[in-house]
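Architecture and fold: a report
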Amino acid sequence: LASFYGIGAAFFGLCAAAMRFAGDKLRARYGEMNLLLLSFATGAIGFSILGLSLSLAINALAFASIGLGLAVVCPCLFLMAAGQLPGNRVAGMAVVSLVAGIVAPWIIGWVATSSSLSHAFGLAAFVPLSAIAIILWLKANQQRVAVASS
């Protein structure tokens, strides 16, 4: 059975790579915010399933869902961060890298060590759900500003 444990990472990697290749076309077709909403929702579903399931096959599919969902998030966030700080694009990208590469894995590792890996993956589902809430809030504010300025 231990020889099958890497299957989740393999599915994650294959799906993430496939989505990265299609990411620019999808972003151009559907827009950055819509793609991020769908990506975060797909990732949250995958993390939720991973936190709840005890089945190897279902967990492999959950990893695939996470790979599909979150593959385009970092490239989109890098583009958005660079656009927010046109004079210092590196600073915006450094903040995204810091949170995505250092803070988030540290928190997941801490939760996994303190309780269990299932709890850590369950908690990880709240990150994309929080991002969805923030994006929807920003879109609503953007629409209010547009209506008020009309």
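Everything that follows concerns the structure shown earlier in this document.
Residues numbered from 1 in each chain as written. Predicted model: local features only at pLDDT ≥ 70, side-chain atom pairs only at ≥ 80, totals over all residues. Heavy atoms only, no water.

A few words now on the nonpolar core. Leu36, Phe40 and Ile135 are the most contacted members of the largest nonpolar core, which has 13 residues in total. Put simply, the parts of the chain that give this core at least two residues each are helix H1 (7-30), helix H2 (32-52), helix H4 (73-84) and helix H7 (126-149). At four residues, the largest contribution of residues to this core is made by H2. (Core = buried A, V, L, I, M, F, W, Y, C linked by side-chain atoms within 4.5 Å. Buried < 20%, exposed > 50% of the residue type's maximum accessible area, 1.4 Å probe, protein only. Helix = DSSP H or I, 4+ residues; strand = E, 2+ residues; numbered from the N terminus.)

In this model, the second largest pocket occupies a volume close to 280 Å³. What lines the second largest pocket is a set of 13 residues, among which Leu50, Leu56, Asn59, Phe63 and Leu117 lie closest to the centre. Only helix H3 (56-70) and helix H6 (117-124) provide two or more residues apiece to the lining of the second largest pocket. Looking at the lining of the second largest pocket, its residues break down into eight nonpolar, five polar and no charged. (1 Å grid on protein atoms, 1.4 Å probe; cavity = no way out; pocket = protein on both sides within 12 Å on 5 of 7 lines; lining within 4 Å. Points joined across faces, edges and corners; volume = space filled by probe spheres on them. Nonpolar A, V, L, I, M, F, W, Y, C, P; charged D, E, K, R; others polar.)

What follows is about a nonpolar patch on the surface. The grouping of Ile102, Val103, Trp106, Ile107, Trp110, Leu123, Phe126 and Leu129 at the surface amounts to a nonpolar patch, some 840 Å² of accessible area in total. Residue assignment for the nonpolar patch shows that the elements contributing at least two residues are helix H5 (89-114) and H7. Considering the arrangement of structural elements, one finds Leu123 in helix H6. Given the relative accessible area of 38%, Leu123 is considered partly exposed. (Patch = residues over 30% accessible without salt bridge, like charges linked within 9 Å, V, L, I, M, F, W, Y side chains within 5 Å. Areas by Shrake-Rupley, 256 points an atom, 1.4 Å probe, with all protein chains shown as cover. Salt bridge = Lys/Arg side-chain N within 4 Å of Asp/Glu carboxyl O.)

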